[in-house]
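Observations on the model geometry
Here is what each chain is made of, one letter per residue.
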Amino acid sequence: MNWRQFQFHVKMFDTYSNHVNKGVEVELNLDGFRFEDQLGIKRKVDDYGCVDLSGLLKVTVGYGKSGSSFAKSKNGVL
């Protein structure tokens, strides 16, 4: 089966709707997905205030089920 890889960037904002600074480490908690690489749930924000998850997630919930995610840093939930 030939799967297409899509770009998936998550923009990170703080409590006041400001972009999170480059290099901030965030923890992504996923329900219904899993990472396909070995880095795990801790990721760093890039130059654009995003975390690039392109091609890294696999859906683990069944058809018709919902998945969710949230991000937090040492300063709290983003």
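Below you will find a few notes about this structure. (Residues numbered from 1 in each chain as written. Predicted model: local features only at pLDDT ≥ 70, side-chain atom pairs only at ≥ 80, totals over all residues. Heavy atoms only, no water.)

1. Observations regarding the overall build of the protein
Filter applied, for reference: Helix and strand definitions here come from DSSP, where helices need a minimum of 4 consecutive H or I residues and strands a minimum of 2 consecutive E residues; each element is numbered from the N-terminal end. Relative accessibility under 20% of the residue-type maximum defines a buried residue, over 50% an exposed one, and the middle range a partly exposed one, all with a 1.4 Å probe and only protein chains included. In this description, contact between two residues means that some pair of their heavy atoms is separated by no more than 4.5 Å.
Counting its secondary structure elements, the protein contains zero helices and eight strands. Overall, the protein shows an N-to-C arrangement of helices and strands of β-β-β-β-β-β-β-β. In the protein, which comprises 78 residues, the share counted as buried stands at 22%. Summarising the internal contacts of the protein: among those between residues at least 6 apart in sequence, 58% fall at separations of at least 24.

2. Re the side chain of arginine 43
Our working definition: Whenever two N or O atoms come within 3.5 Å, that pair is a polar contact, provided that in protein one can donate a hydrogen and the other can accept it, and provided that, for residues adjacent in sequence, both atoms are side-chain atoms.
Inspection of the secondary structure assignment puts arginine 43 in strand β4 (residues 42–44). Judged by its relative accessible area of 7%, arginine 43 falls in the buried class. Here the side chain of arginine 43 touches aspartate 37 through a polar contact of 2.7 Å, side chain to side chain. Residue contacts for arginine 43: discarding those within four places in its chain leaves Val24, Glu25, Val26, Leu28, Phe35, Asp37, Val51 and Leu56.

3. Looking at the environment of glycine 23
Its location among the elements puts glycine 23 in the loop between β1 (9–11) and β2 (25–31). Looking at glycine 23, the relative accessible area reads 36%, which means it is partly exposed. Each C-alpha atom of the pair glycine 23 and valine 45 lies 5.1 Å from the other, and the pair is 22 residues apart in sequence. Apart from the residues within four sequence positions on either side, glycine 23 is in contact with Lys44 and Val45.

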